[in-house]
Amino acid sequence: MARIEVEVNGTHHELEGVEPRLLLVHFLRERLGLTGTHIGCDTSSCGACTVLLDGKSVKSCTMFALQADGRAITTIEGIGSSADLHPMQEAFWASHGLQCGYCTTGMIMSAIDLLGRNPNPSDGEIRAGLEGNLCRCTGYQNIVKAVRAAAAATAVESATRSEEPKRSGELVEVGGG
Amino acid sequence: MANALVGAPIRRREDPRLITGRATYVDDIKLVGMVHAIFIRSPYAHAKIVRVDLTKVKAHRGVIGAFSGADLQAAGWKASLPVAHKMPDLKAPPHYPLAADEVRFVGEAVAVIVAFDPYVARDAAELVEVEYDELPVAVDPEKAALPGAPLVHADLGTNVAYTMPFKAGDPDATFAAADVVVKQRIVNQRLAPVPIETRGVVAQWDAGAGRVTIHSSTQIPHLLRTQLSLVLGLPETKVRAIAPEVGGGFGAKLNVYAEEAVVAWLAMRLDRPIKWSETRSECFQAMIAGRDQIDECEVAAKRDGTIVGLRLRILANLGAYHQLLTPVVPTLTMLMAPGCYPIPNVDIEVKGVFTNTMSTDAYRGAGRPEATYLIERLVDLVAQKLDLDPAEVRRRNFIEPSAFPFTTATGLTYDTGDYATTMEKALQLADYSGLRARQEALRKEGRYLGIGLSTYVEVCGMGPSAAMPAAGWDSATVRVEPTGSVTVLTGISPHGQGEETTFAQLVADELGVPIENVEVVHGDTDKVQYGVGTFGSRGTAVGGSALKLAIETIQAKALKIAAHQWEANPDDLEYRAGKIQMRGDPSRSMTTAEAGFLAFMGDKLPPGLEPGLDATRRFEPPNFVYPFGTHVCVVEVDAETGQVKIERYVAVDDCGKVLNPMIVEGQIHGGIAQGMAQALYEEVVYDEYGQLRTGTLMDYAVPHAEQVPHFELERTVTETTVNPLGVKGVGEAGTIGSTPAVVNAVMDALAPFGVTHLDMPLRPEKLWKAMAPRSNGKVPA
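Residues numbered from 1 in each chain as written. Chains lettered and ligands numbered in written order. Predicted model: local features only at pLDDT ≥ 70, side-chain atom pairs only at ≥ 80, totals over all residues.

Trainee: Give a detailed account of the overall build of chain B, specifying residues and quantitative values.
Mentor: The helix and strand tally for chain B stands at 20 helices and 28 strands. Taking 28 Å as the expected radius of gyration for a compact globule of 781 residues, we find that chain B reaches 28 Å, a close match to that expectation. In terms of overall dimensions, chain B has a C-alpha envelope of 90 × 75 × 50 Å along the principal axes. In chain B, which comprises 781 residues, the proportion classed as buried is 58%. Sequence separation of at least 24 residues holds for 81% of the intrachain contacts in chain B that already meet a minimum separation of 6. (Helix = DSSP H or I, 4+ residues; strand = E, 2+ residues; numbered from the N terminus. Rg over C-alpha atoms; globule rule 2.2 N^0.38 Å. Buried ≥ 20, exposed ≤ 12 C-beta atoms within 10 Å, placed from the backbone. Contact = placed C-beta atoms within 7 Å.)

Rendered as C-alpha cells:
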C-alpha cells in the first residue's frame, strides 16, 4: 500500500493505502467520488475515461493512480458546473453533441485538449483529433459541430478578454480518503 | 395548441447533468455496505460441466460468497429466463441464469463470486476450478440446421427452433412466367450493439419489507420488474426496478438477463447491496448480438423492371438460448421484405436455428434492417440485369401515395407514405444526373465512383398489443400540482432519446405552463405507473400519444372547473394557446395553473367533480407506424487499395410530425452511422470452435469520428393517422435506410469489374481482391 499526493480539480489530496495496482480511473471514481469519469472498455479503446493530467488528455483506465503522484488532474467535474459551464460544455449542449451522455464527459475532455493543441481545427482535424474517443449515439456530426463552435467561442473570448487570466478548474471537491 | 415550443429545436433539459458529469449511471451508485459480484464464464462453446470447485475461492480473504449453477438449483432455483412470443410450435429449451450441467456458448456464466472489493473479486476468480468435458459444437447456422449436426440442446433432437412459412398470391406461377429472375444469397452478418455503457446492476434487499430493489441499465424497468418477480418467485409488489441514467441501449438492454436475476438473488441471499459492473470483454461475450441471417433470395420481374414476385429462405442464427425477443426478430424480416413495393406474390420461409453462440435479439432495427437490405440490394440487381437506372426501377415500383393505407402481401397495413417525393428530393439534393455524368467521366480515368440508393420503409411505433409478443400500449400521468407546476410520469424509459425535453415541450404548449415548470419522471417502478418502455421507435409514437391523451383529459376537467367559476356551459369554453377561454371571447380566460389551484382547494368545484387535476391515460396503438425515406450514398473506391471513401451522404427522411427537429436529426445521424458501420466495418466473428474472435474494442470495429462522413439531411412530413400526434418513429430509421445505400454505392463503383454482390462488411481487402483481376494495367470502363 502506498501514499500519494495529487491535485484534483484544484484540490490537494493526500491519500494513504493506495494499492499499487489501483487504476487512476478507479481512484477518481471510488476514492474521490468523481463519477463523471466513466469506464467504457478494458483496452484503452473508447476514451470514456479521459481526464487531463497536467493539462494533457490521458485515458485514466490506462494509468495506475500511483503514476499520478505529484501531478495535477482535471476531471469533468473540474471544468465547470451547470451554473457556470465551460465553453466546451456549453457548445456540446447547444449543438446537441450528446444523446445518452456516457461518452460525453471523456469526449469533452479530449476536445478541450484538442483545442489546446490546435485552437482553430478544421472538421477533418477535429475528427482525427478525437480518434481516441468512441461515441455510439451521435454519429459524431454534432460533436464535430460542438468542437467547432467551442473553438469559435474561445477565439472570440480570448480576443475580447485577453487580459483575463485563463480559466482553470476552481471547483472545490471534498478530499476523499 | 399554441405550438410555440413543439416543432422548435429546444435544447435538451437532460444535458446539464450529463455534460457536467453529475448524472448517475448504474456504476455510479454507491450504497452503504455494498459489495461486488463477478461472474465466472465458460471458455468453451459447448461442454459438460463435470465439476465446479469453489473451495479456494471461499477461503480467499475478502470473499463473502461464491455460488455455482448447481448451488443455485440446490437453493431451489427453478425458473427459466423469459422469452416473449406467440409462436405455437416454438422450441424453447430452459435457460437458467447460471449453467449447471452444460455450457452452450463462450461466455455463459457458470458461477458468481461476491467480495468486498472488485479487485479482490477478480483475484478470487483466478481460484475457481471448473472441469469441463468438451462436446461437439454447432457454430455455422447452415450446418447446424442439417440433420446429424451436433445438437446445442440434445433433448430437442434438432437445432431448428422454428420454421415459419408464408405464401401470398401465386409465387410459383409468377416465377415460372417471369421475364427475368434474379437470385442472390445475401448474408447479414452478426453485429455487436456496443452501447458505450456496458450492462450493470445494483441490487438491494430490504429484509424488513421483504422487498428487492434492482437498479439496472435497462430500457424496460417495468417489464424487468414483472419478469424478475416471476423468476425470483416474489410477488411483483416486492420488486422495484429502477433504470437510472442509461448509457445507450440500441435494443440490447431490452431484455431480461441472467446477471440481473442472479445479482437480485444474491442481494436477497447475502442480505447486502450487490453491484455488478460488466467489463467490455464480458459485454462482447454475453450481451445479445444483432442481425445474423443468411437469406437466399429470388426476385421475379417484368422486362420494364416491375417486380412481381419474391421468394426468400431466411435462416436466422438464434444463438444458444432464447433471450426475451430472440425468435421474434427474424419474423420482422419476413413482414417487411416487400419494402416500398407492392409485390403481390411472395413465398417466404423463416427458419430459426440454435448454435453455440450468444443469443441474437433486438438490435437497432431488429429484423427490419435485414429486410430493407435484401430488398434494396435485389432492386439494384434487377436494375443491373435489365440495364435500367436503379432510381427508375424504384420509381416504376413504388406504392402510389393514393394507395395508402396499403396492405402488403405479408399482411401489414402501411399507414401513410409518399415514397417518390422523398426519392426525387434526395436525387435533386445529391444532383443525381450530375453524379452519373461524373461517374462516367471518372471511370475513363480509372477512378471508380459509386452512387447508391436506398428507399426504405420500416415498421415501428411498437405496437398494437394484438400484434406484439406482449403488451404494446404505453402510459402517461399528468399531474397539475397546487401551485401550477406539472409533473409528467411516463411509462417509456428514455436513455438518450430526449423525451424529458420533447414531452415537456408538448405539455408546455398544450397546458400553457412555462417549460421550466414541467418535470418529466421516468424509469422507476415505484414512481411511475406501469409502462412498457423504450424500444422499437415507440417512445414518442406510443408514450407521447398516451401523454397527449392525458393532457386532453386534464383540459376537459379544467374546462369544467372554469365553466363553473364563470357560470357557463363547459361546451362554450375551449383551450386556446394553452389557456381556457370563452369561445369567441378572449377577454375571459383562465390558466391551467389557476384551474389546478381551484382543483386543489376543492371548495369551488362543480357538484360531483372530484378534487385534483391529474390524469393517467394509456394509448393502445391501432396500428404500427411506417416511416420512410431515401438515402443516397456516393463513394469512391480506390482500385489500388480497396479503400472506400464516402464522398457524400444525403438522406431525406419522413418520420411524420416532428416535435424537436434537433433531436430528430441527432437520431438520424446516429442511426446512419450504425447502419454504415455494418456495411463497411463491423462483424462479430466466432471461429469454427465457437471461440469469439472479436471480444474487445481492438478487434471489433466500432467506427471513430474519421470513419464516419458528414450527413446532409432533409425531411418531408407525411403525418400518420395512427396516433393523435401524427408522429412516426425515428430511432431506427437511419440504421435501416443506410446499410443498403452504402453497399449499393460500393457495388455500383465495382460494376465495371463485373462484380454484382459482395457480403458485408466491405473491407478494403475484400474489395481489392474483387477489383484486382482487372485493375492490373487494364482499366475497365
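Trainee: Could you give an account of the overall build of chain A, naming the residues involved and the relevant values?
Mentor: A count of helices and strands for chain A gives six helices and five strands. When the helices and strands of chain A are listed from N to C terminus, the series reads β-β-α-β-β-β-α-α-α-α-α. For 177 residues, the compact-globule formula gives about 16 Å, and the C-alpha radius of gyration of chain A, at 16 Å, lands near that figure. Across the 177 residues that make up chain A, the buried fraction comes to 54%. Nonlocal contacts in chain A, meaning residues at least 24 apart in sequence, comprise 65% of its contacts between residues at least 6 apart.

Trainee: Tell me about the domain arrangement of chain A, and please be specific about residues and values.
Mentor: Residues and elements named next belong to chain A. In terms of domains, chain A is made up of domain 1 (2-79) and domain 2 (87-160). Each of domain 1 and domain 2 was reduced to a C-alpha centroid, and the two centroids are 22 Å apart. Across the contact, 17 residues belong to domain 1 and 14 residues belong to domain 2. Those elements that place two or more of their residues in the side of domain 1 that touches domain 2 are strand S3 (50-53), strand S4 (56-59) and helix H2 (76-79). Top element by residues in the side of domain 1 that touches domain 2 is S3. It accounts for three residues. Classifying every residue of the side of domain 1 that touches domain 2 by side-chain character gives seven nonpolar, nine polar and one charged. (Domains from an automatic or database assignment. Nonpolar A, V, L, I, M, F, W, Y, C, P; charged D, E, K, R; others polar.)

Trainee: Explain the sheet that holds strand S28 (residues 712-715) of chain B to me, and be specific about the residues and the numbers.
Mentor: Residue and element names in this part refer to chain B. Pairing in this open sheet of four strands is mixed, and the strands run S18-S26-S27-S28 from one edge to the other. A strand with exactly one partner marks an edge of an open sheet, and here the two such strands are strand S18 (448-457) and S28. The mean inter-strand angle of the sheet, taken between neighbouring strand axes irrespective of direction, is 15°. Pairing of S18 with strand S26 (residues 628-637) involves 10 bridges; the strand directions are antiparallel. (Pairing = 2+ DSSP bridges. Axes fitted to C-alpha atoms, helices over the stretch in contact; angles between N-to-C directions.)

Trainee: Please set out the domain arrangement of chain B residue by residue, giving values where relevant.
Mentor: All names here are of chain B. Taken as a whole, chain B is organised into domain 1 (31-135 + 197-247 + 253-286), domain 2 (366-461 + 623-772) and domain 3 (473-619). Using C-alpha coordinates to define each centre, domain 1 is positioned 39 Å away from domain 2. Classifying every residue of the side of domain 1 that touches domain 2 by side-chain character gives four nonpolar, three polar and one charged.

Trainee: I'd love a proper account of the interface of chain B and chain A, names of residues and values included.
Mentor: Each partner contributes residues to the interface: chain B has 44 residues there, and chain A has 46 residues. Those elements giving two or more residues to the side of chain B that touches chain A turn out to be helix H1 (15-19), helix H9 (280-286) and helix H18 (661-680) of chain B. Tallying contributions element by element places H18 of chain B first for the side of chain B that touches chain A, with seven residues. Tallied by class, residues from the side of chain B that touches chain A come to 20 nonpolar, 14 polar and 10 charged.

Trainee: Any details on the pairing of strand S27 (residues 644-654) of chain B? Residues and values, ideally.
Mentor: Residue and element names in this part refer to chain B. For S27, a buried count of eight out of 11 residues is recorded, marking the element as mostly surrounded by other parts of the structure. Sheet topology note: the S26/S27 ladder contains 10 bridges and is antiparallel. Residue pairing in the sheet places Gly629 in a bridge with Asp653 of S27. Where S26 folds back on S27, the antiparallel hairpin that results is connected by six residues, among which Gly642 adopts a positive phi of roughly 75°. One ladder, built from four bridges, connects S27 with S28; its direction is parallel. Across the sheet, residue Ala651 finds its bridge partner in S28, namely Leu713. Tracing the backbone out of S27, into H18 and back to the parallel element S28 gives a crossover that is right-handed. (Right-handed = clockwise from strand over helix to strand, strands pointing away.)

Trainee: Describe the confidence of the model for chain A, and please don't skip the residues or the numbers.
Mentor: Within chain A, residue pLDDT values average 91, and 90% of them lie at 70 or more. For residues 163-177 of chain A, every residue scores under 50 in pLDDT, and the model assigns this stretch 25 contacts once sequence neighbours within four places are set aside. (pLDDT = per-residue confidence, 0-100.)

Trainee: Give a detailed account of the nonpolar core, specifying residues and quantitative values.
Mentor: When a protein is soluble and globular, its nonpolar side chains tend to lie buried together. Of all hydrophobic cores here, the largest spans 314 residues; its most connected members are Val112, Ile113, Val507 and Val746 of chain B. Ignoring anything within four residues of it in the chain, the contact list for Val507 of chain B reads Val478, Val486, Val488, Val513, Val518 and Ile551 of chain B. (Core = buried A, V, L, I, M, F, W, Y, C linked by C-beta atoms within 7 Å.)

Trainee: Can you explain the sheet that holds strand S21 (residues 518-521) of chain B? Please cite residues and give values.
Mentor: Residue and element names in this part refer to chain B. With mixed pairing, the four strands of this open sheet are ordered in space as S21-S20-S19-S25. Of all strands in the sheet, those bounded by a partner on one side alone are S21 and strand S25 (613-619). Taken over all neighbouring pairs, the strand axes of this sheet differ in orientation by 15° on average, direction set aside. Here strand S20 (residues 486-490) runs beside S21; their pairing, made up of four bridges, is parallel. Among the inter-strand pairings, Thr487 is bridged to a residue of S21, identified as Glu519. Seen against the sheet, helix H15 (residues 499-511) touches strand S19 (474-480), S20 and S21 and runs at an angle of roughly 140° to S21. Its contacts with the sheet put helix H16 (residues 539-565) on S19, S20 and S25, and the angle it makes with S25 is roughly 145°.

Trainee: Kindly report on unusual backbone geometry, identifying the contributing residues and their values.
Mentor: Residues and elements named next belong to chain B. In this chain, Met462 is followed by Gly463 through a cis amide linkage whose omega measures -15°. Looking at where Gly463 falls in the secondary structure, it is placed in the loop between S18 and S19. Of note, the amide linkage connecting Met760 to Pro761 takes the cis form, showing an omega dihedral of -5°. In this structure, Asp387 is a non-glycine residue whose phi angle is positive, near 55°. Inspection of the secondary structure assignment puts Asp387 in the loop between helix H11 (368-386) and helix H12 (390-397).

Trainee: A description of the environment of Gln189 of chain B should follow, citing residues and the corresponding values.
Mentor: Residues and elements named next belong to chain B. Mapped onto the elements, Gln189 comes out in strand S8 (residues 180-191). Among the residues examined, Gln189 registers 17 C-beta atoms within 10 Å and is labelled partly exposed. Along the sequence, Gln189 and Asp759 sit 570 residues apart, while their C-alpha atoms lie 8.3 Å from each other. Residues within four places of Gln189 in sequence aside, it is in contact with Arg291, Asp292, Glu683, Met760 and Pro761.

Trainee: Any details on H15 of chain B? Residues and values, ideally.
Mentor: Residue and element names in this part refer to chain B. If you check H15, its first and last C-alpha atoms are 17 Å apart, about what 13 residues at 1.5 Å a residue would give, namely 18 Å. For H15, the buried fraction is high: 12 of the 13 residues fall into the buried class. Of the positions making up H15, those classed as buried are Glu499, Thr501, Thr502, Phe503, Ala504, Gln505, Leu506, Val507, Ala508, Asp509, Glu510 and Leu511. Buried-residue contacts for H15 involve S19, S20, S21, H16, helix H17 (592-601) and H18. Within two residues after H15, Gly512 carries a phi angle of roughly 65°, on the positive side. (Expected span 1.5 Å × (residues − 1).)

Trainee: An account of the confidence of the model for chain B is needed here, citing residue identities and associated values.
Mentor: Note: predicted coordinates in regions of low pLDDT should not be interpreted at a detailed level. Per-residue confidence for chain B gives a mean pLDDT of 97, with 98% of residues at or over 70. Model confidence for the complex is summarised by a pTM of 0.96, with the ipTM given as 0.97.

Trainee: Mind laying out the environment of His38 of chain A, listing which residues take part and the relevant values?
Mentor: Residues and elements named next belong to chain A. Looking at the secondary structure, you find His38 in the loop between helix H1 (24-31) and S3. A count of 29 C-beta atoms within 10 Å places His38 in the buried class. Remark: the alpha-carbon pair of His38 and Leu114, spanning 76 residues in sequence, is separated by 19 Å. Beyond its immediate chain neighbours, meaning those up to four positions away, His38 contacts Ala48, Cys49, Tyr102, Thr105 and Gly106.

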